[in-house]
Amino acid sequence: MTNSRVIFLLMLCLFFQDLKGKTKRTNFIQILTDDQGWGDLKSYGHIFLKTPHIDNLAEEGIKLTNCYSAHSVCSPSRAAILTGRTPYRNGVFTWIPPKHYCFLPKEEVTLPQLLRKNGYQTAHFGKWHLSYYSEAKTKVKGHYKDFKLGTTNQPTMKEYGYDYWFATGNVARPNHKDPENFFLNGKKMGKMKGYSAQIVANEFIKWMDNNLDMDTPFFVTIWFHEPHGPINSDPQYIKRYSQIKDKSYQQYLANITQIDEAVGKIVNTLKKHKAFDNTFIWYTSDNGPEGKDGYGTFNNSDNIYGKERYRGSTGGLRGRKRHTHEGGIRVPGIISWPEGIRNHKITAGTLSAEPVIGSDIFPTFLDIAGISLPKHRVIDGASIMPIFNGKDIHRKETIYWRNNNYEYRIAIRIDNWKLLSNSQRTKFQLYNLDLDPRETTDLSMKYPKKFTKMKKILIKKDIEVLNEGPTWWNRNNQVKEVMPK
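Here the residue index of a chain counts from 1 through its sequence in written order. Selection of residues for local features in this predicted model requires a pLDDT of at least 70, selection of side-chain atom pairs for listing and counting requires 80 or more, and totals for whole chains, interfaces and linings are taken over all residues. As a rule here, side-chain values cover all heavy atoms of the structure and leave hydrogens and water aside.

Think of pLDDT as the predictor's per-residue confidence, scored from 0 to 100. Here the protein chain averages 88 in pLDDT, and 85% of its residues register 70 or above. Contact criterion: two residues are considered in contact whenever any of their non-hydrogen atoms come within 4.5 Å of each other. For the stretch residues 133-152, pLDDT sits under 50, and the model shows 53 contacts to residues farther than four places along the chain or on other chains. Note that residues 293-305 has pLDDT below 50 and, in this model, 32 contacts with residues that lie over four places away or in other chains.

The structure is reproduced here in structure tokens:
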């Protein structure tokens, strides 16, 4: 054998050894629904819903039974997902209506920014609702049109970290059927035929087929508009609930199935590209369901297509959207990551009762990607990776909420205990969620030591967060406060 041939074979062996040593970096998809309640999936106990694709993710992955949104309305929950910081800390303390002064500040460090900086492709599909573009007042059937994303004094989606985006500013207008307020990389798309969830899924598929470099890892947010109003569902899904006499209830159930079918398309596309096993999918909702308890009506001007269609389920939990009680903030949570589950020897269909919150998505994705957390800022979330090793999550910051509506606006959760407070921190309720998930019995008098300890933690955390947030808190009658000695 000649020397040149020996050298060639040695180089070839080294090449294949190098290839064998390389492992593909994990891809990430964060799927978010809008106003989907904790009970709004068959796998979470709903007796009518047909959601086989989402339920299959739970059967093959991990179902989180104590999963929470970071706020009880949409924009703040989204801001927490992207920053890992509780809403009153990151600046987005309420839902963002047109012409509102609130948006996700430029100073915040976002998940897509960090992942893109570390070699990830980044893309967004669906509802955005963290900034607005113009103050146009064109109306569509009594509703303001959504606006092109970003403004001269607000970051664009590119600045927030996205290479590619197909998005609406807020909800699909005029409703889920044939929406006309989508933008593709800032360009207005006009009227699009079809139903919102399927449109969003199809655009994701186009991106994977035509724009994605399969040799480079990706991070994608897919934020569906359903089942937020104005609700309008595809007749083919309505037919699946023909046994239900109430037409408006049929519409709501079909709206969830509309999401489920879109998730099925997304999963099939990942499998087609042989990317499913190596993709970490976190499915959840931005807050509890709209409407009133007992499937009652909701008094809202946004009801062109029937206020009776707001029919989400809390699974029997107390409160609904805008509440700090469980029904307003406890939401579905499903983790799919076939490769990671196999490597960690986790049984498919595992149930985890560990409390998890939307702000945990940020540190979890960075942990898996091997990227350090941003320094010189408080990260309220924690990586949930210990769950994969059968351990408890290590939290530096207490799970905390501050919302904008109803009497009890502030809450913390420590283990199975939850303490709620009014905005002035003068009235409190204490619950053991393990024994009383519906929050029926206040235990503050029965367990005075537990109450006193948690009250001190809540007050300290709330004042700290309010003092860090932007000065625009003052426009909402929030004032800077002095930490009690």
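A few words now on the packing of aromatic side chains. The rule is short: rings of Phe, Tyr and Trp, with Trp giving its six-membered ring, pair when the centres are within 6.5 Å, and they are stacked under 30 degrees, edge-to-face over 60, tilted in between. On inspection of all chains with the given rule, the structure shows 27 aromatic pairs. Ring plane angle 20° and centroid distance 4.5 Å describe the contact between Phe-28 and Phe-365, whose orientation is recorded as stacked. Of this pair, Phe-28 sits in strand β1 (residues 27-33) while Phe-365 sits in helix α12 (residues 361-369), and the two are 337 residues apart along the sequence. Here the term buried applies to any residue with accessible area under 20% of the maximum for its type, exposed to any over 50%, and partly exposed to those in between, with areas from a 1.4 Å probe on protein chains only. Given a relative accessible area of 0%, Phe-365 falls into the buried group. Through a chain of ring-to-ring contacts, three or more aromatic side chains come together here, namely Phe-28, Tyr-120, Trp-128, Tyr-160, Tyr-162, Phe-219, Trp-223, Phe-280, Trp-337, Phe-365 and Phe-388. If you follow Lys-63 out to its NZ or CZ, it ends over the ring of Tyr-44, 4.7 Å from the centre. Whether a charge sits over a ring comes down to the Lys NZ or Arg CZ being within 6 Å of the ring centre and within 35 degrees of the ring normal. The ring of Trp-401 has Lys-418 lying over it, and the distance from NZ or CZ to the ring centre is 5.8 Å. Helix numbers and strand numbers start at the N terminus; a helix is a DSSP run of H or I with at least 4 residues, a strand a run of E with at least 2.

A separate point is helix α3 (residues 74-83). Within α3, 10 of the 10 residues are buried, which leaves it mostly tucked inside the rest of the structure. Those residues of α3 that fall on the buried side of the exposure criterion are Cys-74, Ser-75, Pro-76, Ser-77, Arg-78, Ala-79, Ala-80, Ile-81, Leu-82 and Thr-83. Those residues of α3 hidden inside the fold are in contact with β1, α4 (87-90), α5 (111-117), β4 (121-127), β10 (218-223) and α12. Within two residues after α3, Gly-84 carries a phi angle of roughly 75°, on the positive side.

Picture the strands of a sheet paired through backbone hydrogen bonds; they go either parallel or antiparallel. Only strands that DSSP links by at least two bridges are regarded as paired with each other. Read across the open sheet, the 4 strands follow the order β15-β16-β17-β18; overall the sheet is antiparallel. Both edges of this open sheet fall to β15 (399-402) and β18 (428-432), since each of them pairs with a single strand only. Recorded for the sheet is a direction-independent mean angle of 15° between the axes of neighbouring strands. Bridging between β15 and strand β16 (residues 408-414) involves 4 bridges; their strand directions are antiparallel. Among the inter-strand pairings, Ile-399 is bridged to a residue of β16, identified as Arg-413. Lines fitted to C-alpha atoms define the axes here, with helix axes fitted over just the stretch in contact, and angles between the N-to-C directions of these axes take values from 0 to 180 degrees.

Once that is clear, we can look at the nonpolar core. Grouping buried Ala, Val, Leu, Ile, Met, Phe, Trp, Tyr and Cys residues that are joined through side-chain atoms within 4.5 Å yields what is termed a nonpolar core. Formed by 67 residues in total, the largest nonpolar core has its most connected members in Phe-28, Leu-115, Trp-128, Phe-280, Trp-282 and Phe-388. Broken down by element, the residue count for this core peaks at 7 residues, all from helix α13 (residues 448-468). Aside from chain neighbours lying at most four places away, what touches Phe-28 is Leu-115, Tyr-120, Phe-218, Phe-219, Val-220, Thr-279, Phe-280, Phe-365, Ile-368 and Ala-369. By size, the runner-up hydrophobic cluster in this structure holds 51 residues, among which are Ile-31, Ala-197, Tyr-237 and Ile-244.

This paragraph deals with the pairing of β4. With 7 of 7 residues buried, β4 lies mostly within the body of the structure. Two strands pair when backbone bridges link them, and β4 and β10 are joined in this way by 6 bridges, in the parallel orientation. Bridge pairing links Phe-125 to Ile-222 in β10. Sheet topology note: the β4/strand β7 (residues 164-168) ladder contains 5 bridges and is parallel. Looking across to β7, one finds that Phe-125 is bridged to Phe-166.

Turning next to the packing of helix α2 (residues 52-60) against helix α9 (residues 247-272). It is the contact of α2 with α9, at a shortest axis distance of 7 Å, that shows an interaxial angle of 60°. For the element pair α2 / α9, the angle class is oblique. The segment α2 lies against α9, with Pro-52, His-53, Ile-54 and Leu-57 engaging Ile-259, Asp-260, Glu-261, Val-263, Gly-264 and Val-267. Lys, Arg, Asp and Glu make up the charged group, whereas Ala, Val, Leu, Ile, Met, Phe, Trp, Tyr, Cys and Pro make up the nonpolar group; the residues left over, Gly among them, are polar. Of the residues contributing to the contact of α2 with α9, the split by class is 6 nonpolar, 2 polar and 2 charged. Here roughly perpendicular refers to angles of 65 to 115 degrees, roughly parallel to angles under 35, roughly antiparallel to angles over 145, and oblique to all remaining angles.

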